[in-house]
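Listed below, chain by chain, are the residues.
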Amino acid sequence: MKKKIGAAILVLVLVAQLLSLPSAAAEQVYFTAVNESVLELTEATMPFWSNGFLYVPSTVFSDSGELNFSDSRNLTKQTMVFWMPSQGNNALVFNLGKGTVTDGNGESKSPGAIVRGSSVFLPVGLMASAFGLTYTNIPVSHGYMVRVRNGRSVLSDAIFADAATTQMEARYQHYLQSKSTTQGDDPEEEGPQEEETQGKRLYLGILADDTQLVGQLLDSLDQYHCQATFYCTETFLESGGSLLRRMIGSGHSVALAVESPQSAAACNELLSVATGGKTRLVYDPEQRGTGKTLEEAGFCQLRADVNWTGTGLWGYTTAASLLSKTGARSGNCVAWLGDQTNAAGLSAFLQMALARDDRMLALTETTH
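Worth saying up front: this structure is predicted, and the values here are computed from it rather than measured.

Caption draft 1: Spatial organisation of the nonpolar core. Ranked by size, the top nonpolar core spans 58 residues in total, and within it Phe-61 and Phe-94 carry the most contacts. In terms of nonpolar packing, the next biggest core, distinct from the first, is built from 46 residues, Phe-236, Leu-244, Val-254 and Cys-333 among them.

Put into structure tokens, the structure is as follows:
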């Protein structure tokens, strides 16, 4: 009897210890991957957001033989240069002291690099667009995975995220262990976390039906290194294969403009043919069906905080009105633009929103 009581007490003690463990076990992190390799996860090299731009450690490019970069750092001039020998005069020169960047022809680009301690972080969107790479920021277990790819990459993001589950879990557990051994360290020496900004997270929903218009909107989003969510019609899915792949490669979310689970399934097949992946994000712009039916079938229905289709986003004036509308809301904001926007209006809004330190992000299944 005494043995049983002792065992029960021991169990209670163990349960109490487990409940008192730090909440770091549930901490969200940013993994980094190059093609089919998940890189080491540390606080000192973890990607982060700053003023609407996603930054990754410079070692993603300098230490990866997969991406074929050459680089040079001049400590006296405080510059760091990246180039690809196969691309001639194509280069990016980061002035670490001034926070500026120019290309191989001396033309100014943005944004610049950020120095954190001994680590240099580069804007992944700029690096990708300058050197013909693609990158994605996708939700995974424990957080997100920032993946940089070139022509050597074989697996789609969905397949790779599934195949790399064990590797990411090992990286995550090692990361937690390393944190637990340094909990008493000076917090000023902790690695980079997501930047605190005065703005908010904005999620723009756009109807993708006209391929020419979508291409122009993607140009605007790329120019400002912002993301959005494109709700694609069946017609667009049938003809916009290259644009769909561009969306995914630039970190945007691809969703479906559908009215029923049956049409969602059919559109997902078209999406799979074009990109190798599917989505659960849906919206019925014409309200032909019911969102409840779609949700009961396992899809994630868009819930917009601001519906801007009645006003449209056509230029400076409507962009300023939308900025005021989103700014008046507390917390993050999902804005539905539909197909009532053009490149000029979108560019004006993005410029204003970034000046307010807002971040334009792509929707995920867990948003809201």
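Caption draft 2: Broad picture of the sheet that holds strand β7 (residues 91-95). Ordered by their spatial adjacency, five strands build an open sheet running β5-β6-β7-β8-β9, and the pairing between neighbours is antiparallel. The open sheet has two free edges, formed respectively by β5 (70-74) and β9 (108-109), since each of these has just one partner strand. With five bridges joining them, strand β6 (residues 79-83) and β7 adopt antiparallel strand pairing. From the neighbouring strand, Val-81 faces β7, where its bridge partner is Val-93. Along the sheet face, helix α3 (residues 124-131) touches β6, β7, β8 (100-103) and β9 and points at about 150 degrees away from the line of β7.

Caption draft 3: View of the sheet that holds strand β10 (residues 114-116). As summarised here, the arrangement of the four strands in space is β3-β4-β11-β10, forming an open sheet in which the pairing is antiparallel. Bordering the open sheet on either side are β3 (48-50) and β10, each of which pairs with just one other strand. With strand direction ignored, the average angle separating the axes of adjacent strands in the sheet is 40 degrees. Pairing of β10 with strand β11 (residues 119-123), which is carried by three bridges, proceeds in the antiparallel orientation. In the sheet register, Ile-114 faces β11, and the bridge partner there is Phe-121. Across the sheet, α3 touches β4 (53-57) and β11, and the angle it forms with β11 is around 60 degrees.

Caption draft 4: Structural view of the packing of aromatic side chains. A complete count under the given rule lists 12 aromatic pairs for this structure. Taken together, a centroid distance of 6.5 Å and an interplanar angle of 80 degrees make the contact between Phe-82 and Phe-94 edge-to-face. Here Phe-82 is found in strand β6, whereas its partner Phe-94 is found in strand β7, with 12 residues between them in sequence. Taking relative accessible area as the criterion, Phe-82 reaches 0% and is therefore assigned buried. For the pair Tyr-231 and Trp-336, a centre-to-centre distance of 5.6 Å together with 80 degrees between the ring planes defines the contact as edge-to-face. Linking Tyr-231 in strand β15 (residues 229-232) with Trp-336 in strand β20 (residues 333-338), this pair joins segments that are 105 residues apart in sequence. Note on Tyr-231: relative accessible area 1%, which makes it buried.

Caption draft 5: The arrangement of unusual backbone geometry in detail. Ser-110 connects to Pro-111 through a cis peptide bond whose omega is 0 degrees. In this structure, Gln-78 takes a positive phi of about 55 degrees despite not being glycine. Within the fold, Gln-78 resides in the loop between β5 and β6. In the Ramachandran plot, His-142 falls in the positive-phi region, its phi being about 80 degrees despite a non-glycine side chain. Among the secondary structure elements, His-142 is positioned in the loop between β12 (134-140) and β13 (143-149).

Caption draft 6: Layout of helix α12 (residues 343-355). With 13 residues, α12 should cover 18 Å at 1.5 Å per step; its first-to-last C-alpha distance of 18 Å lies within 8% of that length. When α12 is considered as a whole, its buried residues turn out to be Gly-345, Leu-346, Ser-347, Ala-348, Phe-349, Leu-350, Met-352, Ala-353 and Leu-354. Packing partners of the buried residues in α12 comprise β14 (201-208), α6 (211-223), α11 (316-327) and β21 (359-361). Downstream of α12 by one or two residues, Asp-357 has phi in the positive range, about 70 degrees.

Caption draft 7: Looking closely at the environment of Cys-333. With respect to the helices and strands, Cys-333 occurs in strand β20. With 133 residues separating them in the primary sequence, Cys-333 and Lys-200 have C-alpha atoms 7.8 Å apart. Other than its neighbours up to four places away in sequence, Cys-333 contacts Arg-201, Leu-202, Tyr-203, Asp-305, Val-306 and Thr-326.

Caption draft 8: Molecular detail of the pairing of β11. Counting buried residues in β11 gives five out of five residues, a clear majority hidden from the surface. Both faces of β11 are covered, namely the face carrying Ser-119, Phe-121 and Pro-123 and the face carrying Val-120 and Leu-122. Bridge count for β4 against β11 is three bridges, and the pairing is antiparallel. In the strand pairing of β11, Tyr-55 is matched with Pro-123. Between β10 and β11, which pair antiparallel in sequence order, lie two residues; one of them, Gly-117, sits at a positive phi of approximately 65 degrees.

Caption draft 9: Inspection of the packing of α6 against α12 at higher detail. Running from N to C, α6 and α12 point in directions that differ by 20 degrees, and their axes come no closer than 9 Å. The orientation of α6 relative to α12 falls into the category roughly parallel. For α6 against α12, the interelement crossing comes out right-handed. For the pair α6 and α12, contact is made by Gln-216, Leu-217, Ser-220, Leu-221 and Gln-223 and by Ala-343, Leu-346, Ser-347 and Leu-350, respectively. The class makeup of the residues in the contact of α6 with α12 is five nonpolar, four polar and no charged.

The rules behind each value
Residues numbered from 1 in each chain as written. Predicted model: local features only at pLDDT ≥ 70, side-chain atom pairs only at ≥ 80, totals over all residues. Heavy atoms only, no water. Core = buried A, V, L, I, M, F, W, Y, C linked by side-chain atoms within 4.5 Å. Buried < 20%, exposed > 50% of the residue type's maximum accessible area, 1.4 Å probe, protein only. Pairing = 2+ DSSP bridges. Helix = DSSP H or I, 4+ residues; strand = E, 2+ residues; numbered from the N terminus. Contact = heavy atoms within 4.5 Å. Axes fitted to C-alpha atoms, helices over the stretch in contact; angles between N-to-C directions. Phe/Tyr/Trp six-rings, centres within 6.5 Å; stacked < 30°, edge-to-face > 60°. Expected span 1.5 Å × (residues − 1). Parallel < 35°, antiparallel > 145°, perpendicular 65-115°, else oblique. Left-handed = near helix turned anticlockwise from the far one by under 90°. Nonpolar A, V, L, I, M, F, W, Y, C, P; charged D, E, K, R; others polar.

Functional significance is not addressed by these values, which are geometric in nature.
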